[in-house]
Amino acid sequence: MWTLVLNCGSSSVKFALLDVQGGQVRLSGLAERLGSAGASARVEVDGARRVVDLAGGSYAEAFAVIAGALDELGVRAQVGAVGHRVVHGGERFSAPALITPEVLAEIRACVPLAPLHNPANIAGIEAAQAAFPDAAHVAVFDTAFHQSMPEVAFRYAVPGDWYRQHGVRRYGFHGTSHAFVAVRAADLLGRPLSELNLVTAHLGNGCSVCAVQGGRSVDTSMGLTPLEGLVMGTRSGDVDPGLHDYIARQAGLSLSEITAALNRESGLLGLSGLSNDMRELEEAAGRGHAGARLALDVFVHRLAKQMAGMAAAMGRVDGLVFTGGIGENSAWVRGAVLARLAVLGARVDEAANAAAVRGQSGVISAPGALAALVVNTNEELMIAQQTQTLLAEQKGVQA
Ligand code: ADP
């Protein structure tokens, strides 16, 4: 049976059709710029790529393209399950959920916590339900993995009513990726996940670290929103909460203008004045661009501090895991962070580190040092697996 995995953003739909057992991907792609005149979809069917114009730029049109590709493959009737990535599940969801009208209402109730993401996820679910009415639709939440965090890790030191009445607490994101790479890292180390304390670093356009103890998240760097924590492509990560009031008065900005600047004009882009793209910044720093150099150095400084902090959250650490576009490809970032983390007993194996790029997973630490690994994340496969696991459990309950 095939599982269709959907990741719907405000102007995009990322999709993949996977066979969970074999891990085979027959169809994948990305519909972009939805809602605008230039909307298009990149579709890869059995390895052959094409680009399709989406004249009306609607979700429904994007789903018609996906359905057409499924017909072409002759597998539309075999798509029994659709797994949806949903960003925010609040405190309600600590595991994937079969999407019923009640579950959809609860996802809607989490909209104030993720005003940019959850409405897009809901629109995507509704369009997919219309396009695939006979399939079981399952929501897999970015926040769910972190619901195991203890209160000491998830509470902010703010007035208690903010938590009790408004849900102000740390939720964490990238849960699917942190959970997936922890399992893979245990395999690579040849040790049971239940015995391992791992610090996982998901470093893509968004970045977060997680303390994974025995396969459960016990702390993470993102909080109420995906803005907290590390320096990211265009996101600031941690700033002084006093910044808002100060810059509002100094620069005459509104709260929403400040939030937008912290989300879209900050991070590597803001520091470098050049780009949000790590590869481009490494090249520019190599040519002597001072802003790019500073951006790289601040990125590594903050990442090393956060990873050491995650180790302290667990008391003992058995492995450091790097993933995401930067974690999987930037030997420089990994090497620089591991040099800082000598304080934890880390030491890089230069040759192994240099070789672990472009899809190569493996151990990059020197013999006898704290284990450090590169693991390729695969959120689509994890969403498909979680979708099928939930459906199998529900069948078991019914039988
Ligand atoms: P997203 O979070 O959007 O899925 P990715 O996980 O693809 O993003 O990560 C994108 C980041 O990975 C970019 O900053 C990009 O520059 C970086 N990256 C990709 N390849 C390399 C590379 N060879 N060297 C350094 N950084 C890289």
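Since the structure is predicted, the reported quantities are computational estimates derived from the model, not experimental observations.

J.: Can you break down the overall build of the protein residue by residue, with the values?
T.: Within the protein, the regular secondary structure consists of 15 helices and 14 strands. For a compact globule of 399 residues, the expected C-alpha radius of gyration is about 21 Å, and the protein comes in at 21 Å, within 12% of that figure. Judged by the C-alpha coordinates and their principal axes, the protein covers about 55 × 55 × 45 Å. Relative to its 399 residues, the protein shows a buried fraction of 50%. Here the contacts in the protein between residues at least 6 apart in sequence split such that 61% fall between residues at least 24 apart.

J.: A description of the nonpolar core should follow, citing residues and the corresponding values.
T.: Formed by 44 residues in total, the largest nonpolar core has its most connected members in Leu203, Phe299, Leu303, Met307, Leu320, Val333 and Val337. Counting residues per element, this core draws most heavily on helix 11 (residues 290-314), which supplies 11 residues. Setting aside its immediate chain neighbours within four residues, Leu303 contacts Ala201, Leu203, Val209, Leu230, Val333 and Val337.

J.: Tell me about the sheet that holds strand 3 (residues 25-32), and name the residues and values.
T.: On the basis of which strands lie adjacent, the open sheet formed by 8 strands has the order 5-4-3-2-1-6-8-7 and mixed pairing. Edge strands, defined here as strands with exactly one partner in the open sheet, are strand 5 (48-53) and strand 7 (97-98). Inspection of the sheet shows strand 2 (residues 13-19) paired to strand 3 by 6 bridges, in the antiparallel sense. Its bridge partner lying in strand 3, Leu18 is registered against Val25.

J.: Outline helix 6 (residues 175-189), listing residues and values.
T.: Here helix 6 spans 21 Å end to end across 15 residues, near enough to the 21 Å set by a 1.5 Å rise per residue. Turning to helix 6, its buried residues are Gly175, Thr176, Ser177, His178, Ala179, Phe180, Val181, Ala182, Ala185 and Ala186. The inward-facing, buried residues of helix 6 abut strand 8 (136-141), strand 9 (197-203), strand 10 (207-213), strand 12 (319-323), strand 14 (371-374) and helix 15 (379-398). Following helix 6 by one or two positions, Gly190 has its phi on the positive side, about 65°.

J.: Pulling in residues and values, what's your account of the site of the ligand?
T.: The ligand sits among 13 residues. The nearest are Asn205, Asp277, Met278, Arg279 and Gly325. In the environment of the ligand, an oxygen atom lies 2.8 Å from a nitrogen or oxygen atom belonging to the side chain of Asn205. In this structure, Ile326 approaches the ligand through a main-chain N or O atom, which is 3.3 Å from an oxygen atom. Protein contacts shield 68% of the accessible area of the ligand, which totals 580 Å² for the unbound molecule. Of all the elements in the fold, those that place two or more residues in the shell around the ligand are helix 10 (278-286) and helix 12 (324-329). The class makeup of the residues in the shell around the ligand is 2 nonpolar, 8 polar and 3 charged.

J.: An account of the domain arrangement of the protein is needed here, citing residue identities and associated values.
T.: Considered domain by domain, the protein is made up of domain 1 (2-141) and domain 2 (190-379). Placing a centre on the C-alpha atoms of domain 1 and another on those of domain 2 gives a separation of 28 Å.

J.: Please give an account of the sheet that holds strand 13 (residues 362-363) that cites residues and values.
T.: The 6 strands lie next to each other as 11-10-9-12-14-13, forming an open sheet whose pairing is mixed. If you trace the sheet from one side to the other, it starts and ends with strand 11 (216-220) and strand 13, each paired once. Of the strands in this sheet, strand 9, strand 10, strand 12, strand 13 and strand 14 touch helix 6, which is tilted by about 125° from strand 9. Set on the sheet, helix 13 (residues 331-340) makes contact with strand 9, strand 12 and strand 14; between it and strand 12 the angle comes to about 155°.

J.: Could you give me a rundown of the pairing of strand 3, with the residues and numbers involved?
T.: The two faces of the sheet receive side chains in turn, since in a regular strand these alternate between them. Turn length for the strand 2-strand 3 hairpin, with the two strands adjacent in sequence and antiparallel, is 5 residues, and the turn residue Gly23 shows positive phi of about 75°. In terms of strand pairing, strand 3 meets strand 4 (residues 40-45) through 6 bridges, oriented antiparallel. When the sheet's bridge partners are listed, Ser28 is paired in strand 4 with Glu44.

J.: Would you mind going over the UniProt feature "binding site: substrate" (unreviewed entry) in the protein in detail, with residue names and values included?
T.: With numbering matched to this structure, UniProt assigns "binding site: substrate" (unreviewed entry) to Arg85. Within the secondary structure, Arg85 is located in strand 6 (residues 79-86). Residues in contact with Arg85, not counting those within four places in the same chain, are Leu6, Asn7, Asn121, Val140, Asp142 and Ile383.

J.: I'd like a description of helix 15, backed by residues and values.
T.: If you check helix 15, its first and last C-alpha atoms are 29 Å apart, about what 20 residues at 1.5 Å a residue would give, namely 28 Å. Within the span of helix 15, buried status applies to Leu381, Met382, Ile383, Ala384, Thr387, Gln388, Leu390 and Leu391.

J.: Report on the packing of aromatic side chains, specifying residues and quantitative values.
T.: With the rule as written, the count across this model stands at 2 aromatic pairs. Over the ring of Phe93 we find Arg92, and its NZ or CZ is 4.5 Å from the ring centre.

J.: Which residues make up the environment of Leu381, and what are the values?
T.: With respect to the helices and strands, Leu381 occurs in helix 15. Judged by its relative accessible area of 9%, Leu381 falls in the buried class. Through-space distance from the C-alpha of Leu381 to that of Gln21 is 10.0 Å; in sequence the pair is 360 residues apart. Those residues in contact with Leu381 that lie beyond four places of it in its chain are Leu18, Val20, Gly23, Phe180 and Arg184.

J.: Give a description of the side chain of Asn121 that names residues and reports values.
T.: Position of Asn121 relative to the elements: it lies in helix 3 (residues 118-131). A distance of 2.8 Å separates a polar atom in the side chain of Asn121 from the backbone oxygen of Cys8. Residues within four places of Asn121 in sequence aside, it is in contact with Cys8, Arg85, Val86 and Val87.

Rules of the game
Residues numbered from 1 in each chain as written. Predicted model: local features only at pLDDT ≥ 70, side-chain atom pairs only at ≥ 80, totals over all residues. Heavy atoms only, no water. Helix = DSSP H or I, 4+ residues; strand = E, 2+ residues; numbered from the N terminus. Rg over C-alpha atoms; globule rule 2.2 N^0.38 Å. Buried < 20%, exposed > 50% of the residue type's maximum accessible area, 1.4 Å probe, protein only. Contact = heavy atoms within 4.5 Å. Core = buried A, V, L, I, M, F, W, Y, C linked by side-chain atoms within 4.5 Å. Pairing = 2+ DSSP bridges. Expected span 1.5 Å × (residues − 1). Near = heavy atom within 4 Å. Polar contact = N/O pair within 3.5 Å; in protein donor to acceptor, adjacent residues only side chain to side chain. Areas by Shrake-Rupley, 256 points an atom, 1.4 Å probe, with all protein chains shown as cover. Nonpolar A, V, L, I, M, F, W, Y, C, P; charged D, E, K, R; others polar. Domains from an automatic or database assignment. Axes fitted to C-alpha atoms, helices over the stretch in contact; angles between N-to-C directions. UniProt positions renumbered as here; feature names shortened; annotations may be inferred. Phe/Tyr/Trp six-rings, centres within 6.5 Å; stacked < 30°, edge-to-face > 60°. Lys NZ or Arg CZ within 6 Å of the ring centre and 35° of its normal.

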